[in-house]
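Chain by chain, the residues:
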Amino acid sequence: MSDTARSRYADARAAFGTMSTAMITPFTPDGALDLAAAERTAAHLVKLGNDALVVSGTTGEAPTTSDKEKSELLAAVRGAVGTGVRLVAGVGTNDTAHTVELAQQAHAAGADGVLVVAPYYSKPTQAGLAAHVRAVADAVDLPVMLYDIPGRSAVPFSTETLIELAAHPGVLAVKDAKGDLHATSTVLAATDLAYYSGEDALNFPLLAVGAVGLVSVVGHVAADRYRAMVDAVARGDLATAARLHYEALPLVQAIMTTAPGVVTAKAALQLQGVLADRGTRLPLLPADDALVAVLRDALKKAGYLS
């Protein structure tokens, strides 16, 4: 690895940590933002092993929170976790001007970096996608993590676009939820972008091919195991990392395949007594009793609920 690549990786770790959870946004029973619950949840997640949190991502129900709520939430979480924990603000929208505004707002509220998803629904060309990212990266003095999740955005970051964007000094990392290990490996071989797994089912494989960390949903429950997995891969102990991967699979199944992750993560936190209310904002519905029973069983089997 070149000195430049080492420097960029160090910058990415400083901005984005190595074990992060895409944090849920708590609401009161009447649907209002619950900042006190957000503070408690953030503190719990840090205690569990996260050195970074993503605030106002998809799991944070960013599409249904206002700009003012996003700023208040980030400031509250910063107050709860202090300056030693990295905070990454989800700012991506399908409106470049609005994304720039959210990035600037996040900077003012204390974010260490921003997460920029490919613009959804609009289906821009790759040239438009690259222009969108550069507009954000040029407008704010914060490192950018790209969010490559074509299952939600409809448009992937192509290998060529990722290699192109790696030349921008502000674009340091990729949250990879594309599910294409070959494409990921190609970009890793060609650039010094720091990769983070954004798909819990592929955490171990992505770490094994060179990802430096995770942005997890299952981390609401299992950040301690995932922290151990990241550390095991970093020291070359793939056998331990593989064991932890297999131990986490039932939780991945329960949390990531039965309903949207935010729904199951909130229910899991409520079962553990971390969160008082598992309510979501429409169009999402909270977990029903049958789903809560499935989650209760999975948490008990994994040792996260007595």
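With an unreviewed UniProt entry as reference, the protein is termed 4-hydroxy-tetrahydrodipicolinate synthase, source organism Sediminivirga luteola. The record in UniProt for the protein states the following under Catalytic activity (unreviewed entry): "L-aspartate 4-semialdehyde + pyruvate = (2S,4S)-4-hydroxy-2,3,4,5-tetrahydrodipicolinate + H2O + H(+)". Recorded in UniProt for the protein, the comment headed Pathway (unreviewed entry) runs: "Amino-acid biosynthesis; L-lysine biosynthesis via DAP pathway; (S)-tetrahydrodipicolinate from L-aspartate: step 3/4."

Visitor: Help me out: how do you make sense of the side chain of S216 in this one?
Guide: Note on placement: S216 falls in strand β8 (residues 213-216). Of the residues examined, S216 reaches a relative accessible area of 0% and is grouped as buried. Side-chain polar atoms of S216 contact the side chain of D200, separated by 2.6 Å. If near-sequence neighbours (up to four positions away) are discounted, S216 is found in contact with M19, S20, T21, A22, D200 and Y226.

Visitor: Hey, could you run me through the sheet that holds strand β3 (residues 86-90) in this one?
Guide: By definition, the strands of a sheet pair up through backbone hydrogen bonds, in either a parallel or an antiparallel sense. Spatially, 8 strands are ordered β1-β2-β3-β4-β5-β6-β7-β8 in a closed barrel, and the strand pairing comes out parallel. Between one strand axis and the next, the sheet turns by 25 degrees as a mean value, whatever way the strands run. In the sheet, strand β1 (residues 19-22) pairs with β8 via 3 bridges, with the strands oriented parallel. Opposite T21, over in β8, you have S216 as the bridge partner.

Visitor: What exactly am I supposed to notice about the layout of surface pockets here?
Guide: Remark: the empty space left among the atoms is shown by a probe the size of a water molecule rolled over them. The volume enclosed by the largest pocket comes to roughly 990 Å³. Where the lining of the largest pocket is concerned, the elements lending two or more residues are α3 (67-81), α4 (96-109), β4 (113-117), α6 (150-153), β8, α11 (238-256) and α12 (261-271). Of the residues assigned to the lining of the largest pocket, the class counts are 22 nonpolar, 14 polar and 8 charged. Looking at the second largest pocket, its volume works out to about 160 Å³. If you trace the second largest pocket, you find 12 residues lining it, with R13, A211, V212, V233 and A234 closest to the centre. Contributing elements (two or more residues each) for the lining of the second largest pocket: α1 (3-16) and α10 (219-234). The dominant element in the lining of the second largest pocket, judged by the number of residues it contributes, is α10, at 5 residues. Its residues assigned to classes, the lining of the second largest pocket comprises 7 nonpolar, 2 polar and 3 charged.

Visitor: Explain the pairing of strand β6 (residues 171-176) to me, please; I cannot follow it from the model alone.
Guide: On any regular strand, side chains alternate: one points to one face of the sheet, the next to the other face. Here β6 lies mainly inside the structure; 6 of its 6 residues are buried. In this sheet, β6 lies alongside strand β5 (residues 144-148) in parallel orientation, the contact comprising 5 bridges. Along β6, the bridge assignment pairs Y147 with K175. Sheet topology places β6 next to strand β7 (residues 194-197); 4 bridges connect them, and they run parallel. If you follow D176 over to β7, its bridge partner there is S197.

Visitor: Explanation requested: the UniProt feature "active site" (unreviewed entry) in the protein in the structure shown.
Guide: Sites flagged by UniProt as "active site" (unreviewed entry) map to Y147 and K175. Maximum C-alpha separation among the annotated residues is 4.8 Å over a sequence range of 29 residues, consistent with a single clustered spot. Lining of the largest pocket among the annotated residues: Y147 and K175. Positionally, Y147 belongs in strand β5.

Visitor: Sorry, what's going on with the nonpolar core here?
Guide: It is characteristic of soluble globular proteins that their nonpolar side chains tend to be buried jointly. With 90 residues, the main nonpolar core has V77, L146 and L251 as its most contacted residues. Residues contacting V77, with those up to four places away along its chain left out, are M23, A42, L53, V55 and L87.

Visitor: Honestly, the packing of helix α2 (residues 35-48) against α10 in this entry has me stumped. Any pointers?
Guide: If you want to describe how two helices pack, look at the angle between their axes and the distance between the axes. Orientation of α2 relative to α10, taken along the N-to-C sense of each, is 20 degrees, at an axis distance of 8 Å. With respect to α10, the axis of α2 lies roughly parallel. Together, H44, L45 and L48 of α2 and G219, H220, V221, A222, A223 and D224 of α10 make up the contact between the two elements. Among the residues forming the contact of α2 with α10, the class breakdown is 5 nonpolar, 3 polar and 1 charged.

Visitor: Just to check I follow, could you spell out the UniProt feature "binding site: pyruvate" (unreviewed entry) in the protein for this structure?
Guide: Following the UniProt record, one finds the feature "binding site: pyruvate" (unreviewed entry) at T59 and V215. In sequence the annotated residues extend across 157 residues, while in space they remain close, none of their C-alpha pairs exceeding 10.9 Å. Of the annotated positions named here, the largest pocket is lined by T59 and V215. The topology assignment puts T59 in the loop between β2 (52-55) and α3. A relative accessible area of 10% places T59 in the buried class. With near-sequence residues (within four places) excluded, T59 lies in contact with A22, M23, I24, T25, V217, H220 and V262. Following the sequence through the fold, V215 ends up in strand β8.

Reading the values: the criteria
Residues numbered from 1 in each chain as written. Predicted model: local features only at pLDDT ≥ 70, side-chain atom pairs only at ≥ 80, totals over all residues. Heavy atoms only, no water. UniProt positions renumbered as here; feature names shortened; annotations may be inferred. Helix = DSSP H or I, 4+ residues; strand = E, 2+ residues; numbered from the N terminus. Buried < 20%, exposed > 50% of the residue type's maximum accessible area, 1.4 Å probe, protein only. Polar contact = N/O pair within 3.5 Å; in protein donor to acceptor, adjacent residues only side chain to side chain. Contact = heavy atoms within 4.5 Å. Pairing = 2+ DSSP bridges. Axes fitted to C-alpha atoms, helices over the stretch in contact; angles between N-to-C directions. 1 Å grid on protein atoms, 1.4 Å probe; cavity = no way out; pocket = protein on both sides within 12 Å on 5 of 7 lines; lining within 4 Å. Points joined across faces, edges and corners; volume = space filled by probe spheres on them. Nonpolar A, V, L, I, M, F, W, Y, C, P; charged D, E, K, R; others polar. Core = buried A, V, L, I, M, F, W, Y, C linked by side-chain atoms within 4.5 Å. Parallel < 35°, antiparallel > 145°, perpendicular 65-115°, else oblique.

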